[in-house]
Amino acid sequence: SFAPAVGKGRIFIGFRTSQTTGLAAHMAAPLIPTVEREAIDLQDPTLRVYNSELLEMGGIILRLMLEHSMYEVGLTWLESKDKRDALEKKLLEEAKSKNQEPAEKPPEKKEEPKHKTAKGSLFAFAKYMAKGVTKGIVNVVQSAIAEDTLLKPRDVLPLTSEERAAILLMQSFCPQPSTPDILVGTALAQGFSRCLAQSAPPVLTRSGVVRGNDGRLPFCGMEQFVKENIIRRVVFENAKEYHSVLAGS
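Residues numbered from 1 in each chain as written. Predicted model: local features only at pLDDT ≥ 70, side-chain atom pairs only at ≥ 80, totals over all residues. Heavy atoms only, no water.

1. Observations concerning helix α1 (residues 45–79)
Between the first and last C-alpha of α1 there are 52 Å, a value that for 35 residues agrees with the 51 Å anticipated at 1.5 Å per step. Where α1 starts, the residue carrying a side-chain oxygen 3.0 Å from the main-chain nitrogen of Thr-46 turns out to be Asp-44. (Helix = DSSP H or I, 4+ residues; strand = E, 2+ residues; numbered from the N terminus. Expected span 1.5 Å × (residues − 1). Polar contact = N/O pair within 3.5 Å; in protein donor to acceptor, adjacent residues only side chain to side chain.)

Rendered as structure tokens:
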């Protein structure tokens, strides 16, 4: 397909080969294939140098594409800031007013007929115990919900078009092992990392597009106390591998 899945991009040499790029992107280049014309020749010493350097050039172009595309996303993100802030404020107010609505009056409990028999007493005792267990479970569940809300603060704003575009880019440029020859993906990754080597790949935060080493990952609810360069949790979850690679580099 024109838009391959993550890690399923193919190498084209005039026609499609069985070699993947390890990215969600295809690559067409005058690479020299094997005799079967199904893979890239990285065995012959001379052809290996030629193909490897051409693949690294492809990695450099991929990095420049990522930089340019994320730059455009950042411009659009800054232009729509006022509109986005107004929508988030409105959604927060609606959620707050919804939480403050009075709870419905619980239905009146009907008194159970008292049984004086041994069977009736056992039934009443079992019911009492079950009631206590149910109450305990409810308390545990409520505590878990409260803790989860503290560690993962409520984020009512839906994904914007800019965030969807950034997520697609970050998913596309997070490499997977290429098949059947892993050296193809390695050469692309080397070219990618050599381009702008002193500058980390970009990420989208609440403040806009910044360098990966300047972005702050969401962690145990701490993002609600910091306003600058925070990556939204929903963006992080949708491109976790990309952010994790940057955080570990």
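2. Observations regarding the side chain of Arg-84
By secondary structure assignment, the location of Arg-84 is in helix α2 (residues 81–99). Of the side chains with opposite charge, Asp-85 comes closest to the buried, unpaired Arg-84, at an N-O distance of 4.9 Å. (Buried < 20%, exposed > 50% of the residue type's maximum accessible area, 1.4 Å probe, protein only. Lys, Arg positive; Asp, Glu negative; His and termini not counted. Salt bridge = Lys/Arg side-chain N within 4 Å of Asp/Glu carboxyl O.)

3. Description of the sheet that holds strand β1 (residues 10–12)
Pairing in this open sheet of three strands is mixed, and the strands run β2-β1-β3 from one edge to the other. Two strands lie at the open edges of the sheet, namely β2 (16–20) and β3 (27–28), each paired on one side alone. Relative to β3, β1 is paired through two bridges, and the arrangement is parallel. Paired with Ile-11 across the strands is Met-27, a residue of β3. (Pairing = 2+ DSSP bridges.)

4. Let's talk about the side chain of Asp-181
Within the element layout of this structure, Asp-181 appears in the loop between α4 (161–172) and α5 (182–194). Put simply, Asp-181 is tucked away with no salt bridge, and the nearest opposite charge, on Arg-48, sits 7.6 Å away. If sequence neighbours within four positions are ignored, Asp-181 has contacts with Gln-19 and Leu-42. (Contact = heavy atoms within 4.5 Å.)

5. Topic: the packing of α1 against α4
Axis separation between α1 and α4 bottoms out at 10 Å; the angle between their running directions is 165°. By the angle between their directions, the pair α1 and α4 is classed as roughly antiparallel. The element α1 and its partner α4 pack so that their crossing is left-handed. For the pair α1 and α4, contact is made by Leu-66, Ser-69, Met-70, Val-73, Thr-76 and Trp-77 and by Glu-162, Glu-163, Ala-165, Ala-166 and Leu-169, respectively. Here the contact of α1 with α4 is built from residues that sort into seven nonpolar, two polar and two charged. (Axes fitted to C-alpha atoms, helices over the stretch in contact; angles between N-to-C directions. Parallel < 35°, antiparallel > 145°, perpendicular 65-115°, else oblique. Left-handed = near helix turned anticlockwise from the far one by under 90°. Nonpolar A, V, L, I, M, F, W, Y, C, P; charged D, E, K, R; others polar.)

6. Regarding unusual backbone geometry
Following Thr-179, the chain continues into Pro-180 via a peptide bond in cis, with omega recorded as 0°. Relative to the helices and strands, Pro-180 is located in the loop between α4 and α5. Positive phi, close to 55°, is recorded for Leu-196, a residue that is not glycine. If you trace the backbone, Leu-196 turns up in the loop between α5 and β4 (202–205). Notably, Asn-229 is not glycine yet its phi reads approximately 60°, a positive angle. Among the structural elements, Asn-229 can be located in the loop between β5 (208–211) and α6 (233–238).

7. Some details on the nonpolar core
Counting residues in each nonpolar core, the largest one holds 33 residues, and the members touching the most others are Ile-11, Leu-31, Ile-40, Leu-55, Leu-66, Val-184 and Tyr-242. Every element with two or more residues in this core is listed here: α1, α4, α5, β4, α6 and α7 (240–248). Per-element accounting of this core gives the leading share, six residues, to α1. Those residues in contact with Leu-66, other than ones at most four positions away along the chain, are Leu-169, Phe-173, Phe-192, Pro-201, Pro-202 and Tyr-242. (Core = buried A, V, L, I, M, F, W, Y, C linked by side-chain atoms within 4.5 Å.)

8. Brief notes about the pairing of β2
Pairing between β1 and β2: two bridges, direction antiparallel. Of the residues in β2, the one forming a bridge with Arg-10 is Thr-20. The turn joining β1 and β2, which pair antiparallel and follow one another in sequence, is formed by three residues; a positive phi near 100° is taken by Gly-14.

9. Focus on the pairing of β5
Taken together, the four bridges between β4 and β5 define a ladder with antiparallel strand orientation. By the bridge assignment, Pro-202 is partnered in β5 with Arg-211. Between β4 and β5, which pair antiparallel and follow one another directly, the connecting turn spans two residues.

10. Notes on the confidence of the model for the chain
Across the chain, the average pLDDT comes to 81, with 77% of residues at or above 70. For residues 115–119, every residue scores under 50 in pLDDT, and the model assigns this stretch two contacts once sequence neighbours within four places are set aside. This model gives residues 121–147 a pLDDT under 50, and the stretch forms three contacts once residues within four places in sequence are excluded. (pLDDT = per-residue confidence, 0-100.)

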